[in-house]
Amino acid sequence: MESAVQAYQEGGIIAYPTEAVFGLGCDPTNQAAVEKLLSIKQRPIEKGLILLAANYSQLLPFVDDSLIPQDKRFSVLSRWPDGITQVLPAKADVPAFLTGKFSSIAVRVTSQPDVVALCNEVNGPIVSTSANLTGHEPARTASDVKQNLGELVDFIVEGDTLGFTQPSKIIDGLTGEVFRT
């Protein structure tokens, strides 16, 4: 994990297992790292990115928690960990390189042990997007990442996904509207 933390802190791109597929990530506060990630993915900045964390408190610098009504709070928090990415109100100072064209941010809390360890080591979330070029199948193993993106990433975490069959469902955390099943 030390090498993954070092890559994160140096603005590197890390590939790591999530619930169903491998993700590509970096420090969400490092604009150059995020732009490098978007370039590798060939992903338009307007789409926004997901932040993956070990716990909800790691997301609070990015989520405007004051805009989550008390009657929705239990629903939002009870959907985690794993499998559900929620689109929540973003704090006003969250940069567009994370939110894209939206005033919200997509976030998920996971129990995947490698991601939890990394997020706890850096005391914050990691950007999370599937480890693939846009339009291609996401990598499901570290070997897939090495084969398809090896030279483009700075570190690959050699772990296993949680075995889910589909990438996370993406929903509006406040209304329940489904954006991706």
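These lines cover the structure that appears in this document, whether it is placed above or below. (Residues numbered from 1 in each chain as written. Predicted model: local features only at pLDDT ≥ 70, side-chain atom pairs only at ≥ 80, totals over all residues. Heavy atoms only, no water.)

1. Some words on the overall build of the protein
What counts here: We count a stretch as a helix when DSSP gives it H or I for four or more residues in a row; a strand needs E for two or more, and each element gets its number in order from the N terminus. All radius of gyration figures rest on C-alpha atoms, and the globule criterion is 2.2 Å times the number of residues raised to 0.38. Exposure is judged per residue with a 1.4 Å probe applied to protein chains only, and the accessible area is read against the type maximum: over 50% gives exposed, under 20% gives buried, and values in between give partly exposed. Should any heavy atoms of two residues lie within 4.5 Å, those residues are counted as being in contact. Accessible areas in this description were obtained via Shrake-Rupley with a 1.4 Å probe; residue shielding takes into account the shown protein chains only. When charges are counted, neither His nor the chain ends are considered; positive counts come from Lys and Arg and negative counts from Asp and Glu. A single reference atom marks each charge: NZ on Lys, CZ on Arg, CG on Asp, CD on Glu.
Check the secondary structure of the protein and you find six helices and nine strands. For the protein, the C-alpha radius of gyration of 15 Å lies close to 16 Å, the compact-globule estimate for 181 residues. If one aligns the C-alpha atoms of the protein with their principal axes, the spans along those axes are about 45 × 30 × 30 Å. For the protein, the proportion of its 181 residues judged to be buried stands at 50%. Relative to all contacts within the protein whose residues are 6 or more apart in sequence, the contacts with residues 24 or more apart total 69%. Of the roughly 8,500 Å² that the protein leaves accessible, carbon and sulfur atoms contribute 50%. Treating the 14 positive side-chain charges of the protein as one cloud and the 21 negative ones as another, the clouds have centres 8 Å apart.

2. Topic: helix H6 (residues 142-149)
Heads up, the rule is: The directions considered for the arc run from the helix axis to the C-beta atoms.
Along H6, the residues that are buried comprise Ala142, Val145 and Leu149. Buried residues in H6, looked at end-on, bunch into an arc of 70°, giving them a common side. Contacts made by the buried residues of H6 are with strand E1 (14-17), strand E2 (22-25), helix H2 (31-41) and strand E7 (155-156).

3. Here's the deal with the pairing of strand E8 (residues 169-172)
Heads up, the condition is: Strand pairing is assigned whenever DSSP identifies at least 2 bridges connecting the two strands.
As judged from the four bridges shared by strand E4 (residues 84-89) and E8, these two strands associate in the parallel manner. Counterpart to Thr85 in the pairing with E8 is Ile170. Sheet topology places E8 next to strand E9 (residues 178-180); two bridges connect them, and they run antiparallel. The residue bridging Ile170 from the neighbouring strand is Arg180, located in E9. Between E8 and E9, which pair antiparallel and follow one another directly, the connecting turn spans five residues, one of which, Gly176, has a positive phi of 85°.

4. Quick word on the side chain of Lys41
Basically, it comes down to this: Whenever Lys or Arg places a side-chain nitrogen within 4 Å of a carboxyl oxygen from Asp or Glu, that contact is recorded as a salt bridge. Whenever a nitrogen or oxygen atom comes within 3.5 Å of another N or O atom, the pair is scored as a polar contact, on the condition that within protein one atom can donate a hydrogen and the other can accept it, and that pairs from neighbouring residues in sequence are kept only if both atoms are in side chains.
The residue Lys41 is located in helix H2 in this model. No salt bridge is formed by the buried Lys41; its nearest oppositely charged neighbour, Glu137, is found at 11 Å. Separated by 2.8 Å, the side chain of Lys41 and the backbone oxygen of Ser130 make a polar contact. Within the local environment of Lys41, its side chain forms a polar contact with the side chain of Asn132, the two groups lying 3.0 Å apart. For Lys41, the contacting residues outside a window of four places in its chain are Leu24, Thr129, Ser130, Asn132, Leu133 and Thr134.

5. As for the side chain of Thr99
One can find Thr99 in helix H4 (residues 96-99). Among the residues examined, Thr99 registers a relative accessible area of 6% and is labelled buried. Residues contacting Thr99, with those up to four places away along its chain left out, are Gly48, Ala90, Val94, Ser104 and Ile105.

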